[in-house]
Amino acid sequence: MKIRLRFRDAGSDSADAPRAGVAETSRPGGPDDSRHLRHNLSISIWVRWFVIITWVAQFNYRVNLEDPNYLPTMLFAMAVLALNGYVHYRILTNRPVTWRWMLALSVMDMTMITAGIAISTRFQNTYFVLYYPALAMFAVTFTSFRLNLAWTTMAAIIYAAMSLSLAPGVDFDTKEEKVLFTRIAVMFAVVVAVNLISRFERIRRLAAVERERELQRERVDLSQTMHDTVAQAAYMIGLGLETAIELASGKNGKDRDNRKEVVAKLEAIHSLSRTTMWELRHPIDARRIFEGRELGPALMSYASTFGTITSIPARVVQSGEEPMLSIATRRRLFSIVHNALTNAFRHSRAGEVIIGLDFEKTGLRLSVSDDGVGLPTDYAQRGHGLRNMREEAERMGGNLEAGPGVAGRGVRVTCSVPYQGNLEEA
């Protein structure tokens with residue numbers, strides 16, 4: 001009896017949708033970067049409200065209204081408040097905001113502070129302290145170290161030029177140049193500190209996005225696996241049992257003994273059930289990776305499961321101390337082992353499988369060897385297992401090779417991966 005089944009891939013559209021969403025969220029300039037910019041811009045807006053309102057209140061305390069600088073200074077302060085209020089309005093109403101708004105606010109901040117110093121008592125006044133929050137707000141939004149260094153250098157040069165050229169300036173007799181140097185040094189210290197913190201938070205955020213991408217990819221892969229293997233295998237098992245029952249009961253209209261056909265059918269069903277059980281164990285055992293288990297212990301447990309289901313002994317041989325590999329790297333290595341074990345179970349007729357895990361100074365080497373019948377001549381064109389393993393290795397910046405095993409027997413799959421880019425962020 002020959003049964004031909006054709007399955008329509010109804011889940012392909014739904015499977016592809018999450019992948020598209022992941023790429024859209026994580027790509028540079030995508031929604032995630034926009035949210036990050038909006039968040040940092042909101043912080044700078046609230047800081048600017050506090051600083052400018054405090055400065056205006058202090059400037060108007062016991063003010064001399066006959067001072068010719070009073071009106072221009074207040075008009076300029078009102079302009080800064082108006083621009084800050086407009087950008088705040090765009091954020092509150094969910095209107096588009098870009099880095100140009102932050103740049104415009106930063107330019108106005110620096111202009112107002114510099115003008116305030118120029119029209120007052122220059123080096124002897126305290127307006128210079130406003131440079132520090134202004135530079136800090138710039139460093140929060142713009143994470144480029146070179147850009148921050150250039151921006152701070154420009155502010156330092158302008159402030160130093162005013163302090164040295166406009167009277168009353170720096171008094172070298174009382175060594176006030178040391179005070180000027182300290183003020184400028186603090187400018188750079190503030191910017192470097194804020195910029196490093198901002199960059200660190202950005203790296204952590206991108207790492208969190210990458211982990212979310214891996215989780216979504218895992219969900220998509222699990223859904224595809226359930227559709228391609230488990231669901232179809234369950235259907236085939238049910239259909240095979242129905243056929244075996246018909247053969248055993250003689251309902252097929254034949255009078256001859258159907259015992260051999262029943263036995264063959266049941267053996268095929270048993271083999272298919274073991275394959276299904278093995279495929280189901282992949283997502284079940286892979287959860288240990290997401291729970292924080294190291295790769296070595298996770299593979300040892302998986303090898304034991306493989307031996308129980310397939311009756312093929314498997315063991316893990318590990319050398320070296322496992323470093324803090326990222327979850328994405330451990331998941332991909334686990335997936336490579338799963339594909340290699342699946343091939344050994346289905347095709348090799350092996351008597352034993354050995355999983356090698358070698359942690360070296362600059363990278364790791366993962367190998368899966370069996371003592372079976374070896375690779376067919378057209379193995380590269382068969383199925384997707386080897387291609388999927390190579391793709392996983394390339395995503396980690398490594399490479400994967402397949403060839404004869406020890407002493408020319410069986411198959412050995414070897415994956416080499418560098419540590420750079422695959423370690424967990426501290």
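Residues numbered from 1 in each chain as written. Predicted model: local features only at pLDDT ≥ 70, side-chain atom pairs only at ≥ 80, totals over all residues. Heavy atoms only, no water.

Here the focus is the pattern of salt bridges. Summed over all chains, the structure comprises seven salt bridges. Here Arg48 ties to Asp109 by a salt bridge, and the two come within 2.8 Å at their closest N and O atoms. In this pair, Arg48 is assigned in helix H2 (residues 31-59) and Asp109 in helix H4 (residues 99-118), connecting sequence segments 61 residues apart. The residue Glu352 makes a salt bridge to Arg315 at a minimum N-O spacing of 3.0 Å. Here Glu352 is found in the loop between helix H10 (327-348) and strand E2 (353-359), whereas its partner Arg315 is found in strand E1 (residues 314-319), with 37 residues between them in sequence. A cluster of three or more residues bridged by salt bridges with shared partners is formed by Arg331, Arg332, Glu392 and Arg395. (Salt bridge = Lys/Arg side-chain N within 4 Å of Asp/Glu carboxyl O. Helix = DSSP H or I, 4+ residues; strand = E, 2+ residues; numbered from the N terminus.)

Attention now goes to the confidence of the model for the protein chain. With 79% of its residues at a pLDDT of 70 or more, the protein chain has an overall mean of 78. Of the regions scoring below 50 in pLDDT, residues 1-32 engages in 33 contacts with residues more than four places distant in sequence or in other chains. (pLDDT = per-residue confidence, 0-100. Contact = heavy atoms within 4.5 Å.)

With respect to topology, five strands assemble into an open sheet ordered E1-E2-E3-E5-E4, the strand pairing being mixed. Each edge of the sheet is formed by a strand with only one pairing partner; in this case those strands are E1 and strand E4 (399-404). Pairs of neighbouring strands in the sheet enclose a mean axial angle of 15°, with direction left out of account. Strands in contact with helix H9 (residues 295-310) are E1, E2 and strand E3 (363-370); relative to E1, the strand with the most contacts, it is inclined by about 165°. (Pairing = 2+ DSSP bridges. Axes fitted to C-alpha atoms, helices over the stretch in contact; angles between N-to-C directions.)

A few words now on a nonpolar patch on the surface. A surface patch of nonpolar side chains, amounting to about 320 Å² of accessible area, comprises Phe145, Leu149, Val192 and Leu196. Taken together, the elements giving at least two residues each to the nonpolar patch come down to helix H6 (145-165) and helix H7 (177-249). According to the relative accessible area criterion, Leu149 is partly exposed, its value standing at 39%. (Patch = residues over 30% accessible without salt bridge, like charges linked within 9 Å, V, L, I, M, F, W, Y side chains within 5 Å. Areas by Shrake-Rupley, 256 points an atom, 1.4 Å probe, with all protein chains shown as cover. Buried < 20%, exposed > 50% of the residue type's maximum accessible area, 1.4 Å probe, protein only.)

By the definition in use, this model includes eight aromatic pairs. Geometrically, the ring pair formed by Phe128 and Tyr132 is edge-to-face, given 6.2 Å between the ring centres and 85° between the ring planes. Tyr132 gets classed as buried once you look at its relative accessible area, which sits at 17%. Between Tyr131 and Tyr159, the aromatic rings sit 5.8 Å apart at their centres with planes inclined by 65°, giving edge-to-face as the arrangement. Here the residue Tyr131 occupies a position in helix H5 (residues 131-141), and Tyr159 occupies one in helix H6, the gap between them amounting to 28 residues. (Phe/Tyr/Trp six-rings, centres within 6.5 Å; stacked < 30°, edge-to-face > 60°.)

Time to look at the packing of H10 against helix H11 (residues 385-395). Relative orientation of the contacting elements H10 and H11 amounts to 160°, with a least axis distance of 9 Å. The angle between H10 and H11 places the two elements in the roughly antiparallel class. The way H10 lies across H11 gives a crossing that is left-handed. Along its contact with H10, which presents Arg331, Arg332, Ser335, Ile336, Asn339, Ala340 and Asn343, the element H11 presents Gly385, Asn388, Met389, Glu392, Ala393 and Arg395. Grouping the amino acids of the contact of H10 with H11 by side-chain chemistry returns four nonpolar, five polar and four charged. (Parallel < 35°, antiparallel > 145°, perpendicular 65-115°, else oblique. Left-handed = near helix turned anticlockwise from the far one by under 90°. Nonpolar A, V, L, I, M, F, W, Y, C, P; charged D, E, K, R; others polar.)

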